[in-house]
Amino acid sequence: MNRSVLYDAPGPRGRRRILVASVAAALILVGLAALAVRRLATNGQFAGEKWSPLFDPNDVNFPDLWRLLGGGLLHTLTAAVLAMSLSLVLGVLIAMTRISASRWYRWAVVGVVEILRGVPVVIAIFFAYQVLPTYGFRLPLLWYIVIGLTAYNSVVISEIIRAGILAVPRGQSDAAAALGLTRGQTQRFILLPQAFRSMLPALISQLVVILKDTSIGAFISYEELLRRGLIIIQTLRNPIQTYLVIAAIFVLINYLVGRLAIYVEARLSARRA
Amino acid sequence: MQVQGFPAQRYPLQSNSLRRRWFVTAALAGVIALVFSGCGGGGKATGTPVGVQNKPTFAAGTTMARLAEAGKVTVGTKFDQPLFGLKGLDGKVTGFDVEIAKIISAGLGINESAITFVETPSSQREGAIQQGKVDFVVATYTINDKRRQLVSFAGPYYQAGQDIMVKKENTTITGPESLRTAKAKVCSVSGSTPAEKIKEYVDASNIVLFDVYSKCADALRTGQVDAVTTDNVVLLGLADSSGGAFKLIGKPFTVEPYGIGIKKGDIAFCQFINEQLTAASTDGRYAKAWESTAGKVARTTPTLPTLGACS
Amino acid sequence: MGVITDNLGLYADGLLGTLEICGLVAVAALLLGIFLAGFRVSPVPPLRAVGTVYVTLVRNCPLTIVLFVFAFGLPEVGINGAYITFGVAGLTVYTAAFVCEAVRSGIGAVDAGQAEAARAIGLTFSQSLRLVVLPQALWAVLPPLGSVAIAMIKNSAILGAFGVGGELYSVANTLNSARGEPALPVYTGVVIGYLIIIIPAGLLLLMMEKRLKATR
């Protein structure tokens, strides 16, 4: 439903009223923004030394700072890409097991899936970080984050894939059976590719979730973007400015990934039409 | 009807998917290369070079033999402790703890460039040692009996004491006894000795605990808390980087020996570390380590405390 | 597993603490989210813009950063508060963006004829939204809101990692890091604690979805 259902196409009076309301709303917004700016100014947040290391290439700290942030971004992306790849592989395996396995086995898989779905990601990460080493699994910090993220996201992705497989028209598997394909072959060559394609937007959206959750790594001192920001803040004492930059990087990347999902979705439905 | 999933005619499958496959392979290879090039949380240190032993030999099976053989060592330290262990914008960790780690490593024939520093916040130190994430910990680590049940300590290499830091303009807080009457909110780090000790002087509801001291300093600066309490040297560092906004009360009310945390029961390694400390104290490297770091804001250079027995 | 049974009181307190935080956040985020959803469907362009910008920014930003901005950014400009207050406020601001989207999709699910009929009898925008569309949207909105709530409960664990004491996650910190109890049972206990909340919530959600399907 679009907005216009909630109100008529405005007539002259309605347009005038909307204009008045718009101006009033805009004035209030400008006023709030001005208050915020004044608050920042009176607290010395516009002081040059808080901003120039981040934005002025001539500042002595600029190169070091961006080398830190750049490396942090690389660590963030590495963790996200690894977690996404592993989650995809595991997610497909779980989905296929859930669909085709015998009943008791399937119940076991469902149980594990439900438990993993209920565990907060931060706990999955700390679980890996604190528990695995006591059993001799000493890994680089990166892997505790990847394992924690994968534990949760592989389960979510398996649900996405399963929904995709179940949504493939029945005629497809009937046709495959008629061709003499086995059940496994039908899954691999007929159902999975179609499910994967139709669920691509949802899978891309999951990448945003993973990207955001990598920042939990900061709590186990994995030097991703946020942790690097904290290191910068302890030297430069400019939390607001540094958080702003880090948040902007995250928002930009995630926004683009989100747009990609919408674009893929549009292309898919255009092809279907 | 166009059957979804069979776009064979419309998409030149071969060339496209081959190219894509190549791209995916290349991207994966890139990621894997990244992972194995070690993008963990480590950092390298710089500072004054110390006399590195040339290929020392040790009894087989000891920790020293293992580390000297490997030619590298992993050390747990703080990354947020000015003057003791602080990671700077250049990505390097500096401070007195870092220098002490270099002195010990030098005795193993390990150059400072082969030391990997790993961040060990207060609550993670025992775990990091027990789980073998680090070979030893030099991280403003107070020796006490509770910790001795979990790890062993070499040293102490420094004698600190708990003190209180307040804003420069604060005059109502004059010592630990004044905290309760001033109804002061006091900040420290969860899992640390000072956090336990201050409970004798302040109601639990007025104690604020963070995971790192830098957050306590932030909280003090912004007025969320009225005082920060921990070892004096830590406070000195925070006061130093506050640009004069904080001051220390200057009445230490505890004795806090800083030790080097190692695996429980590794007596030979403990004795080895103590020998290195003694040697460094004799030949002046200990004093130099202090003066190049914490000594910049401290009036006196400490002497090496009496070392404890290894057990 | 003796650690869990020995510290049952601590775990129970943590469970209550988590429920308390989540209850506060649920109410506040619901109000803020509905408000924002109203903005997003309003005929006034600046309000729509506010809604869209808010949702875009907050949904794409990690909760950890939102929390850091609240706890260590706001005090920089003289806004102080207890740590738990900042934690609850941060989680509320974050969750509200998702509530907004759930409510908006619920409004979208109400049959267009309903809104048209409301307009036909002369109701204004706010009247038709309040009296006709939103009450019906409520049913359609419950399942997505339920998912948001479950996500919010799990997100509240980040507050614990962040240093807010007295909730379920911080129990692991106390037992494992401060007291040196073995990690596996300590964390297993925390996981069980969350499952005690999450699994019934999930079942409730499932029941709601089924009933909703049946009434359609």
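Residues numbered from 1 in each chain as written. Chains lettered and ligands numbered in written order. Predicted model: local features only at pLDDT ≥ 70, side-chain atom pairs only at ≥ 80, totals over all residues. Heavy atoms only, no water.

**Some words on the overall build of chain A**
A count of helical and extended segments in chain A gives 11 helices and 0 strands. The secondary structure elements of chain A, listed N-terminal to C-terminal, are α-α-α-α-α-α-α-α-α-α-α. Here the C-alpha atoms of chain A give a radius of gyration of 25 Å, more than 25% beyond the 19 Å that 2.2 N^0.38 yields for 273 residues. Across the 273 residues that make up chain A, the buried fraction comes to 48%. Total accessible area on chain A stands at roughly 13,200 Å², and carbon and sulfur atoms take up 68% of it. Both charge centroids of chain A, one from 27 positive and one from 12 negative side chains, sit 10 Å from each other. (Helix = DSSP H or I, 4+ residues; strand = E, 2+ residues; numbered from the N terminus. Rg over C-alpha atoms; globule rule 2.2 N^0.38 Å. Buried < 20%, exposed > 50% of the residue type's maximum accessible area, 1.4 Å probe, protein only. Areas by Shrake-Rupley, 256 points an atom, 1.4 Å probe, with all protein chains shown as cover. Lys, Arg positive; Asp, Glu negative; His and termini not counted. Charge placed at Lys NZ, Arg CZ, Asp CG, Glu CD.)

**Notes on the interface of chain B and chain C**
The interface of chain B with chain C comprises 11 residues on the first partner and 13 residues on the second. Both faces combined, the contact of chain B with chain C buries some 1,100 Å², and carbon together with sulfur accounts for 50% of it. Seen at the junction of chain B and chain C, the total is 1 salt bridge. Counting across the chain B and chain C interface gives 1 residue pair in polar contact (both at pLDDT 80 or more). Of all elements in the fold, only β10 (207–210) and α8 (213–221) of chain B reach the threshold of two or more residues within the side of chain B that touches chain C. No other element matches α8(B), which puts 3 residues into the side of chain B that touches chain C. Taken together, the residues of the side of chain B that touches chain C break down into 2 nonpolar, 4 polar and 5 charged. (Contact = heavy atoms within 4.5 Å. Buried area = accessible area lost by both parts, 1.4 Å probe. Salt bridge = Lys/Arg side-chain N within 4 Å of Asp/Glu carboxyl O. Polar contact = N/O pair within 3.5 Å; in protein donor to acceptor, adjacent residues only side chain to side chain. Nonpolar A, V, L, I, M, F, W, Y, C, P; charged D, E, K, R; others polar.)

**Structural notes on the pairing of strand β7 (residues 151–160) of chain B**
Residues and elements named next belong to chain B. By the criterion of burial, β7 is predominantly enclosed, with 9 of the 10 residues buried. Note: β7 against strand β13 (residues 256–263), 7 bridges, orientation antiparallel. Opposite S152, over in β13, you have I262 as the bridge partner. (Pairing = 2+ DSSP bridges.)

**Describing the environment of T85(C)**
Residues and elements named next belong to chain C. One can find T85 in helix α5 (residues 83–109). On the basis of relative accessibility, which here comes to 47%, the residue T85 falls in the partly exposed class. On a C-alpha basis, the gap between T85 and A71 in space is 8.9 Å, while along the polypeptide they are 14 residues apart.

**Section: the sheet that holds strand β8 (residues 162–167) of chain B**
Residue and element names in this part refer to chain B. Pairing is mixed in the open sheet, where 5 strands are placed in the order β10-β9-β11-β8-β12. Bordering the open sheet on either side are β10 and β12 (246–248), each of which pairs with just one other strand. Mean inter-strand twist for the sheet, computed between neighbouring axes without regard to direction, equals 30°. Relative to strand β11 (residues 227–231), strand β9 (residues 186–189) runs parallel, the two sharing 2 bridges. (Axes fitted to C-alpha atoms, helices over the stretch in contact; angles between N-to-C directions.)

**Brief notes about the pairing of strand β1 (residues 73–77) of chain B**
Residue and element names in this part refer to chain B. Taking burial as the measure, the 5 residues of β1 include 4 buried ones, the bulk of the element. Two strands pair when backbone bridges link them, and β1 and strand β5 (residues 115–119) are joined in this way by 5 bridges, in the parallel orientation. Pairing of V75 across the sheet is with F117, part of β5. Summarising the sheet, β1 and strand β6 (residues 136–137) pair through 2 bridges and their orientation is parallel. When the sheet's bridge partners are listed, V75 is paired in β6 with F136.

**As for the pattern of salt bridges**
One pass over the full model with this rule turns up 22 salt bridges over all chains. Of the charged contacts in the structure, one is a salt bridge between R170(A) and D174(A), with a shortest N-O distance of 3.8 Å. With a gap of 4 residues between them, R170(A) and D174(A) both fall in helix α7 (residues 170–178), about one helical turn apart. Salt bridges sharing partners connect three or more residues here, namely R237(A), D218(B), R221(B) and E76(C).

**A look at the domain arrangement of chain A**
By a widely used convention, the size of an interface equals the accessible area lost when the partners come together. Splitting chain A by domain gives domain 1 (3–43) and domain 2 (54–272). Domain 1 of chain A and domain 2 of chain A are separated by 38 Å when their C-alpha centres are compared. (Domains from an automatic or database assignment.)

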